Amino acid sequence: MSELVEAQQKFSGMLGLLLVHIAKETEYRVTLGESWRTPEQAAANAAKGIGILNSLHCERLAQDLNFFLGGKLVAPPAEIGEWWEQQGGAWGGRFGDPPHFSLAFGGRK
Ligand SMILES: [Zn+2]
C-alpha cells in the first residue's frame, strides 16, 4: 500500500473521531463542506486566490466543516481546531482557513 493511501485511511479514521468528538462532547453541530477536489477545481481556485494548486483536498486528505451553534452558522472554534491538532491533524485556523481540517502530507497542510 502506498504512503498516500495509508495517509488517506488514517485521515478518514481521524475525521470520524473528530465528528464523534464534536457531536458528543461539544455544543457545536457541523455539516460537511468540501472534501475531495478535482485538480481542475484546485487550479481554478488558485487562479482566484482562494486556495492552492496542490491542495490536500485533491489528495483526499482534507475536509472543510461548517459549524453551527444554536442553529446559527458560526466561525470554527479554536478549541476544536486545537483538539484536532492534538490528534495529529493540521488545522486551517493556523493559516487563515478555519473550516479546513487536514492531515499534513508531503510538506502540505
Ligand atoms: Zn479546505
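Here we summarise the structure given alongside this text. Please read these numbers as outputs of a predicted model, since none were measured by experiment.

### Points about the overall build of the protein chain
Inference 1: A tally of regular secondary structure across the protein chain gives three helices and five strands.
Inference 2: Ordered by position from N to C terminus, the α and β elements of the protein chain give α-β-α-β-β-α-β-β.
Inference 3: The C-alpha extent of the protein chain, read off along each of the three principal axes, is 35 × 35 × 20 Å.
Inference 4: Put simply, 54% of the contacts in the protein chain that link residues at least 6 apart link residues at least 24 apart.

### Brief notes about unusual backbone geometry
Inference 1: Although it is not a glycine, Arg60 adopts a positive phi angle of roughly 60°.
Inference 2: With respect to the helices and strands, the residue Arg60 is situated in the loop between α2 (39-48) and β2 (62-69).
Inference 3: With 18 C-beta atoms packed within 10 Å, Arg60 lands in the partly exposed category.

### Topic: the environment of Ile50
Inference 1: With respect to the helices and strands, the residue Ile50 is situated in the loop between α2 and β2.
Inference 2: Judged by local crowding, Ile50 falls into the exposed class, with 9 C-beta atoms found within 10 Å.
Inference 3: Each C-alpha atom, one on Ile50 and one on Gln8, is 23 Å from the other, the two residues being 42 residues apart in sequence.

About the thresholds
- Residues numbered from 1 in each chain as written.
- Predicted model: local features only at pLDDT ≥ 70, side-chain atom pairs only at ≥ 80, totals over all residues.
- Helix = DSSP H or I, 4+ residues; strand = E, 2+ residues; numbered from the N terminus.
- Contact = placed C-beta atoms within 7 Å.
- Buried ≥ 20, exposed ≤ 12 C-beta atoms within 10 Å, placed from the backbone.

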